[in-house]
Amino acid sequence: MSLSSSSSTAPTEEARSGSAQIVLRDLGKSFPGPPTVEVLRGVDLEIRQGEFVAIVGPSGSGKSTLLNVIALLDIATNGSYWFEGRPAPIAERQRARSRATSFGFVFQSFHLMARRTALENVETGLLYTGVRRDERRQRAREALAAVGLEHRMFARCETMSGGERQRVAIARAMIGRPAILIADEPTGNLDSAASEQVVANLKSAHAAGTTVVMVTHDDHLAATVPRTIQLRDGKVVADRSLAALHSGDRPTTHLRTGHPIPGRARVFDLVRDAVRGQLSRPGRTAGLVAAVTLAVALVVITLGLSASARAQVGSTFDARLNRSVSATYPSGTLASLSIAQASQFENELEDLAGVESAGVVLELDTGVLRNGSGAADSIVQAISPSLLDAAGASVRWAPGVTSLTPRTVVLGSILADQLDLGPLSLAPVVMVRGIDFQVVGIVDDGGRNPQLAGRISMSFTDIDGFGEISAAQIFVRTQAGAARQVGDQARLVLLPQAPESLEVEIPPDPVALREDIEDSVRSALLALSALTALMSILGVANALMLSVVERIGEIGLRRALGAGRRQILILSTSEAATVGVLGGVSGLFVGCAAIIGVTVVRGWQPVFDPRLGIVALGCGVLVGVLGGIPAALKAARIQPSDALRR
Ligand code: ADP
Ligand code: MG
């Protein structure tokens, strides 16, 4: 027994002086129940620098538990553990740091990232120590060469044999030049040929000065190891040294120089590793990206289409409503309105700034219209020359005619039908109050003055004898946006003595109306987008959570390699953000394509705001990161000792 007869629970002077690297005194470990499981019961053990120790014992005897405590993956519940002359760290962060710098790990299941290359896997062994990337790469090559796998450097691990994978794992464990190599049943999954190679690799690590502590089931293998410790029911029941193999002085002539701790992992390195990891699983990543794409595309479509629609609604309003003003004389003021005065309005209005066209309609008495055998009643009205244009009426003119002249009229199409008028080319005539008028035009649609379609309209010069003015209306077409101003000025022109009593109609303020329409459309679309975003956050959350559950071993191993909770959070969040960025970009493209599609079909002018790109990327990252939160929290809670047991 290398264990001294010391029965004290305090470390010996020898331990404190550092000649024993690992000193366990009366170490106990139990797992809280119920029922409480007492796995280690008073283990006393010393392991010196440069030893090669095999731990054997029946299944369930506590070998892995002991290894986890030694390797700072787990904490003992009682007794003491002195590591390299000091009490072993308890705090999670310090343990992570010590693991990263002092321990290398090899497990029965290799815990490699299957889709990444041997080189990348080995580099991970230094990721959490802050060694620079080029040095990591160089040392990964050396470590792979040391296990005889230089030629498989760029092979993805999923294409490798079990023996090769375990040797990659040994290279990963050794790249940090650990003081102690921890191996839990490293040959448990391998055939004998592969086992031999793995053991040869472990022995050469030992030969270079590394302490090796290995759990094994294989008695044959244990027999070739200098020292064997046997556990049963959580106690050391035997501790044999093979004198022939045990070179007692080796510990003091230990070759390991112990590289100084370079520092902390760089966030940039962690992010790059996460991005590469995510991209190495293209199938899974594509599914996640599709979910984010959907949400981002919908947001882009919502914002983009409402910009295009805004432009479109604007020009529609400009083309129609925004350009018309009409006014009606209150009946009380008609007595003071003379025909001579009214005949001047058109010119006066057209002199106002912003007026494109203006016209006046005066209603007179009712008359009977006759044409051959036909007869019809109509209010007779006088119209100024530009009235038909200003009201936007559509008129069919007789050949060669474009306006009213004396003794001609235009008839509403309703009257023309009642009178059975016949074609205009035959110069039909109607008689009103004994006077013949030639019909030179038919009004099919009165535009803003629909009554034109049911009346007879003549020029001001012909209205003597048709009675008093019974109603007067003015129609103005203005330039875009000038309607309100023209309306105000028209009052002064038309009824200077009482401008406020004139009934002026100006279309509703198009800006307000436009915003009304846009707001309702946009809020509906935004609600839809928010719903989609929520769904995709849930989808992403679910998928990322599954991915963490599948990768518990990998994440546990990263913890063993020295990653703290924070680094695991960075890993998970960066993976989620990668998905978010990719989804943001593809959502932007899909969204823009949809906007182009819709605007082409509707004949609109597409409007693209460059800020849409930023919004898309932001939305993508937001969806990804929010969706990644549950997975990240779960990943950060993974206990390496539990995870690596699998
Ligand atoms: P070995 O590696 O020797 O096969 P382990 O150290 O893995 O044994 O486990 C020893 C005992 O401790 C087993 O009975 C196991 O069920 C129990 N055990 C290990 N880990 C836990 C845990 N986290 N919670 C409860 N029991 C545990
Ligand atoms: Mg075990």
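Please read these numbers as outputs of a predicted model, since none were measured by experiment.

## A word on the sheet that holds strand β10 (residues 235-241)
Hydrogen bonding along the main chain pairs the strands of a sheet, whether they run parallel or antiparallel.
Alright, step 1. Here six strands make up an open sheet; going across it, the order is β6-β7-β8-β3-β9-β10 and the pairing mixed. Edge positions in the sheet fall to β6 (103-107) and β10, since each has one partner strand and no second. Going from strand to strand, the sheet's axes swing by 15° on average, the running direction of each strand aside.
Alright, step 2. Strand direction decides the pairing type here: strand β7 (residues 180-184) and strand β8 (residues 211-215), joined by five bridges, are parallel. By the bridge assignment for β8, I180 is matched with T211.
Alright, step 3. Where helix α3 (residues 92-102) meets the sheet, it contacts β6 and β7, and its direction lies at approximately 80° from that of β6.

## Description of the packing of aromatic side chains
Alright, step 1. Within the structure shown, the criterion is met by six aromatic pairs.
Alright, step 2. Put simply, the rings of Y81, F83, F103, F105 and F107 pair up and form one aromatic cluster.
Alright, step 3. A cation over a ring is seen here: R407 above F437, with NZ or CZ 5.8 Å from the ring centre.

## Considering the site of ligand 1
Alright, step 1. In the vicinity of ligand 1, the residues found are F31, V39, P58, S59, G60, S61, G62, K63, S64, T65, D642 and R645.
Alright, step 2. Taking G60, its main chain carries an N or O atom lying 2.8 Å from an oxygen atom of ligand 1.
Alright, step 3. Surface burial for ligand 1 is 67%, taken as the share of its 560 Å² of free accessible area covered by protein chains.
Alright, step 4. Listing elements by their share of the shell around ligand 1, those giving two or more residues are α2 (63-70) and α19 (640-645).
Alright, step 5. Split by residue class, the shell around ligand 1 holds three nonpolar, six polar and three charged.

## As for helix α4 (residues 118-127)
Alright, step 1. Among the 10 residues of α4, 10 are classified as buried, and the element is accordingly described as predominantly covered.
Alright, step 2. Those residues of α4 that are buried are in contact with α5 (133-146), α6 (162-174), α9 (267-279) and α16 (552-560).

## A closer look at the sheet that holds strand β4 (residues 78-83)
Alright, step 1. Spatially, the four strands line up as an open sheet ordered β2-β1-β4-β5, and their pairing is antiparallel. With one partner strand each, in any of the chains shown, β2 (37-48) and β5 (86-87) form the two edges of the open sheet.
Alright, step 2. Two strands pair when backbone bridges link them, and β4 and β5 are joined in this way by two bridges, in the antiparallel orientation. Counted as the bridge partner of F83 is R86 from β5.
Alright, step 3. Contacts from α2 reach β1 (20-31), β2 and β4 within the one sheet, and its direction differs from that of β1 by about 125°.

## So, the nonpolar core
A general feature of soluble globular proteins is that nonpolar side chains tend to end up buried together.
Alright, step 1. If you look at the biggest cluster of nonpolar residues, it comprises 67 residues, and the most contacted ones within it are L24, L66, Y81, F103 and I182.
Alright, step 2. At eight residues, the largest contribution of residues to this core is made by helix α10 (residues 282-319).
Alright, step 3. Other than its neighbours up to four places away in sequence, L66 contacts L24, L27, L40, V43, L45, I55 and L231.

## A few points about the pattern of salt bridges
Alright, step 1. Enumeration according to the criterion identifies 29 salt bridges in this entry.
Alright, step 2. The partner of R152 in a salt bridge is E164, with the nearest N and O atoms 3.2 Å apart. Within this pair, whereas R152 is found in the loop between α5 and α6, its partner E164 is found in helix α6, the two being separated by 12 residues in sequence.
Alright, step 3. With a relative accessible area of 16%, E164 lands in the buried category.
Alright, step 4. For D444, the salt bridge identified is with R396, shortest N-O distance 2.9 Å. Of the two residues, D444 is situated in strand β17 (residues 435-445) and R396 in strand β14 (residues 394-397); the sequence distance between them amounts to 48 residues.
Alright, step 5. Each of R116, E120, D273, R276, R281, R551, E554, R558 and E575 takes part in one network of salt bridges that share partners.

Parameters at a glance
Residues numbered from 1 in each chain as written. Chains lettered and ligands numbered in written order. Predicted model: local features only at pLDDT ≥ 70, side-chain atom pairs only at ≥ 80, totals over all residues. Heavy atoms only, no water. Pairing = 2+ DSSP bridges. Helix = DSSP H or I, 4+ residues; strand = E, 2+ residues; numbered from the N terminus. Axes fitted to C-alpha atoms, helices over the stretch in contact; angles between N-to-C directions. Contact = heavy atoms within 4.5 Å. Phe/Tyr/Trp six-rings, centres within 6.5 Å; stacked < 30°, edge-to-face > 60°. Lys NZ or Arg CZ within 6 Å of the ring centre and 35° of its normal. Near = heavy atom within 4 Å. Polar contact = N/O pair within 3.5 Å; in protein donor to acceptor, adjacent residues only side chain to side chain. Areas by Shrake-Rupley, 256 points an atom, 1.4 Å probe, with all protein chains shown as cover. Nonpolar A, V, L, I, M, F, W, Y, C, P; charged D, E, K, R; others polar. Buried < 20%, exposed > 50% of the residue type's maximum accessible area, 1.4 Å probe, protein only. Core = buried A, V, L, I, M, F, W, Y, C linked by side-chain atoms within 4.5 Å. Salt bridge = Lys/Arg side-chain N within 4 Å of Asp/Glu carboxyl O.

Function-wise, these values are silent; they only describe arrangement.
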